[in-house]
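Structural features, examined
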Amino acid sequence: QVQLVESGGGLVQTGDSLRLSCAASGRSFSSYFMGWFRQAPGKEREFVAAVSWSGTTTYYVDSVKGRFTISRENAKNTVYLQMNSLKPEDTAVYFCAADPNYSGSYSWIGAYDYWGQGTQVTVSS
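Just so it is clear, the structure is predicted and the values come from calculations on it, not from any experiment.

What follows deals with the overall build of the protein. When helices and strands are tallied, the protein shows zero helices and 11 strands. Scanning the protein from its N terminus toward the C terminus, one meets helices and strands in the order β-β-β-β-β-β-β-β-β-β-β. Relative to the 2.2 N^0.38 estimate, which gives 14 Å for 125 residues, the radius of gyration of the protein is 13 Å and therefore close to what a compact globule would have. With the principal axes as the frame, the protein shows a C-alpha extent of 40 × 25 × 25 Å. Across the 125 residues of the protein, 42% fall into the buried class.

Here you go:
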């Protein structure tokens, strides 16, 4: 089992950058496939990015490609989401999630067993 705590959210302006962090406690962090999701007011939670166990393979939703970068430091039990060129439509609560039994469905919410409490990101125009 793993506990996840996100941090780094805040209020920024269009074009600014933020780096979100997700600290994991528990054993075997490197055995979890990790993802970031977000949920805007009145909308369903959606996939943003995912990273493989070693960090060598990453996946992104089309709307953030070229602007966001997911990475992880297994020695620190932490996964990051670097967000550049932020837009108002990026405003949402951002959640990190852990999948202990990855089978290829990196963007499916149901594949992830563990979730953090979320961190708010607000981008003003």
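Now, onward.
Our focus in this paragraph is the sheet that holds strand β8 (residues 78-83). The sheet built from four strands is open, its strands ordered β1-β3-β8-β7 with antiparallel pairing. On the outer flanks of this sheet lie β1 (2-7) and β7 (68-73), each paired with one strand and no other. Direction aside, the axes of adjacent strands within the sheet are offset by 15° on average. Where β1 lies against strand β3 (residues 18-26), six bridges are found, and the strand directions are antiparallel. For Ser7, the partnering residue across the bridge sits in β3 and is Ser21.

With that settled, consider the environment of Ser124. With respect to the element layout, Ser124 can be found in strand β11 (residues 119-124). C-alpha separation for the pair Ser124 and Gly66, spaced 58 residues apart in sequence, amounts to 20 Å. If we skip the residues at most four places from it in the chain, Ser124 touches Leu11, Val12, Gln13 and Thr14.

Membership of the largest hydrophobic core comes to 29 residues, with the highest contact counts inside it found for Trp36, Leu81, Met83 and Tyr94. Of all elements in the fold, only β1, β3, β4 (33-39), β5 (46-51), β7, β8, β9 (92-99) and β11 reach the threshold of two or more residues within this core. Sequence-distant contacts of Met83, that is, excluding residues within four places in its chain, are made with Asp16, Ser17, Leu18, Leu20, Arg67, Phe68, Tyr94 and Val121. In terms of nonpolar packing, the next biggest core, distinct from the first, is built from seven residues, Phe33, Ala97, Ala111 and Tyr112 among them.

Reading guide: rules and limits
Residues numbered from 1 in each chain as written. Predicted model: local features only at pLDDT ≥ 70, side-chain atom pairs only at ≥ 80, totals over all residues. Heavy atoms only, no water. Helix = DSSP H or I, 4+ residues; strand = E, 2+ residues; numbered from the N terminus. Rg over C-alpha atoms; globule rule 2.2 N^0.38 Å. Buried < 20%, exposed > 50% of the residue type's maximum accessible area, 1.4 Å probe, protein only. Pairing = 2+ DSSP bridges. Axes fitted to C-alpha atoms, helices over the stretch in contact; angles between N-to-C directions. Contact = heavy atoms within 4.5 Å. Core = buried A, V, L, I, M, F, W, Y, C linked by side-chain atoms within 4.5 Å.

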